[in-house]
Structure formats: C-alpha cells, structure tokens
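Commentary on secondary and tertiary structure
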Amino acid sequence: NAGVTQTPKFRILKIGQSMTLQCTQDMNHNYMYWYRQDPGMGLKLIYYSVGAGITDKGEVPNGYNVSRSTTEDFPLRLELAAPSQTSVYFCASSYSPPAGLYNEQFFGPGTRLTVL
Amino acid sequence: KNEVEQSPQNLTAQEGEFITINCSYSVGISALHWLQQHPGGGIVSLFMLSSGKKKHGRLIATINIQEKHSSLHITASHPRDSAVYICAVRSYNTDKLIFGTGTRLQVFP
C-alpha cells in the first residue's frame, strides 16, 4: 500500500494563477481531509469529506474548492492564487468517523506551495 | 489564547536523556493525538488516547482528563528522535482536530 500520496511536492505560482493539488489514498478510507500548515502555527483544516460525493468546509476554506468523485481521490483547487496561500498543504485520510475508536489519520507527504 | 498549548516550543537533549513534552488544552475533547513530523515534513500518528496511558517502544503518552493535560515521554532518547512533536485534540463539540503548534526536539549524540 502506498498510503496517502500527494502531488506535486513543490510548486511556485504567480498571483492569480490556479492549480490543483492532488491527493490519493489506497486504504479505502471514507474520510479525507485537507490541512494547511503555516510557520509557527498549528495545522488548520481547509475542507474535509466523509465519502464520495460529500464535502464540507473546515476552518479556513476561503480561496479553495474540493471535489470527491471517488473514494480514492480528493483534489484541492486554488482558483486565484494569493500570497496568503503560501503554505505547506497536507492531505490526510482515516477509516472511521472522527469520533470513532479507530480514527487515526494517515497523512500524505505534503505539498510546499509558494505564491509570488 | 490557543485552545491547545504545547511546551516547550523547542527542546535540545543529549542522547540517552529522558524527554518530556507537555500539552494543555482548554476545550472538551473526545480524544487526544500525538503526532511526529519528520525533518522532511512527513507526519505520522504516534498515539491516540482518551484516558490513562499508552506505551509504544520508548514512547509513553499519558493524559489527565480532569486537568486537561497530556504528556509525551521519550526514554533513552536518540538522534533519530529529532523531529517536531504535535499534540492535537478532537473537539467534543465539533469532532474536528485542533492542533498545537508543535515542539521541536533535537537530540545530539
């Protein structure tokens, strides 16, 4: 099993450009999450999904969009990149509901995004 | 004030030392997680606990629900333990994880 994979690892964008961060998991997890990590700050939840076709906003959703057409894939879209979106982005997945006993989250390796 | 506070922010140790990292939180929780972020950036889950104590190898995690406090201990520390250790709590109200800012540990030979 590859676990959670993310592409690309690094990306530099110009202000106003758009891009999609890819996330795939091969563990048949229903629950998937996107976080951003800024220097000196804890991870913040951007969007999450409880299953194919179902997504919901997290703590910091502005400027992002997601889709979940399959169980495996959970791409994150930036439509009009802004310098405030410079961050490291982590995708994660879990087997059980958040309150479940086995809700360990498995993280991808991260995507380092710089917007200039 | 952050809902999850970790101390210390930075920690250096000599190989073999006993390490303690603390986490205090101010919200009602259903579980607490300890995560390790490697120097390359990858994050792995170490423990999830809702009461008492858990042990895995040289790592021990404890939680005191009444005092809203958890500790992560590393016995016989080794340079490969050098990483950022992150405490995260699952809010009882929202079911979402709230993350601390992490403790950066460096263990020197």
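Structural data are supplied above this passage.
This section reports on the structure supplied with the text. Keep in mind it's a predicted model, so treat the numbers as computed, not measured. (Residues numbered from 1 in each chain as written. Chains lettered and ligands numbered in written order. Predicted model: local features only at pLDDT ≥ 70, side-chain atom pairs only at ≥ 80, totals over all residues. Heavy atoms only, no water.)

Counting residues in hydrophobic clusters, the biggest one holds 25 residues, and the most contacted among them are L32, W34 and V89 of chain B. If you list the elements that add at least two residues to this core, you get β2 (10-14), β3 (19-25), β4 (29-37), β5 (43-49), β7 (59-64), β8 (69-74), β9 (83-91) and β11 (103-108) of chain B. Formed by 19 residues, the second largest nonpolar core is a distinct cluster that contains C23, Y64, F74 and C91 of chain A. (Core = buried A, V, L, I, M, F, W, Y, C linked by side-chain atoms within 4.5 Å. Buried < 20%, exposed > 50% of the residue type's maximum accessible area, 1.4 Å probe, protein only. Helix = DSSP H or I, 4+ residues; strand = E, 2+ residues; numbered from the N terminus.)

A word on the packing of aromatic side chains. What the rule picks out here adds up to four aromatic pairs over all chains. When the centroid spacing of 5.8 Å and the interplanar angle of 65° are considered together, the rings of Y64 of chain A and Y89 of chain A count as edge-to-face. Within this pair, whereas Y64 of chain A is found in strand β7 (residues 64-66), its partner Y89 of chain A is found in strand β9 (residues 87-94), the two being separated by 25 residues in sequence. The structure contains a cluster of three or more aromatic residues connected by ring pairs, namely Y33, Y35 and F107 of chain A together with F99 of chain B. (Phe/Tyr/Trp six-rings, centres within 6.5 Å; stacked < 30°, edge-to-face > 60°.)

Another point: the pattern of salt bridges. All chains considered together, the criterion is met by four salt bridges over all chains. D38 of chain A is the salt-bridge partner of R36 of chain A, the closest N and O atoms lying 3.0 Å from each other. Overall, R36 of chain A belongs to the buried group, its relative accessible area being 10%. For R58 of chain B, the salt bridge identified is with D81 of chain B, shortest N-O distance 2.9 Å. (Salt bridge = Lys/Arg side-chain N within 4 Å of Asp/Glu carboxyl O.)

It is worth spelling out the interface of chain A and chain B at this point. Taken together, the contacts link 17 residues of chain A with 15 residues of chain B. Where chain A abuts chain B, roughly 1,400 Å² becomes buried across the two surfaces, and 61% of that area is made up of carbon and sulfur atoms. Our count for the contact surface shared by chain A and chain B stands at zero salt bridges. On inspection of chain A and its partner chain B, the count reaches two residue pairs in polar contact (both at pLDDT 80 or more). Listing elements by their share of the side of chain A that touches chain B, those giving two or more residues are β4 (31-37) and β5 (44-51) of chain A. Among the residues forming the side of chain A that touches chain B, the class breakdown is 11 nonpolar, five polar and one charged. (Contact = heavy atoms within 4.5 Å. Buried area = accessible area lost by both parts, 1.4 Å probe. Polar contact = N/O pair within 3.5 Å; in protein donor to acceptor, adjacent residues only side chain to side chain. Nonpolar A, V, L, I, M, F, W, Y, C, P; charged D, E, K, R; others polar.)

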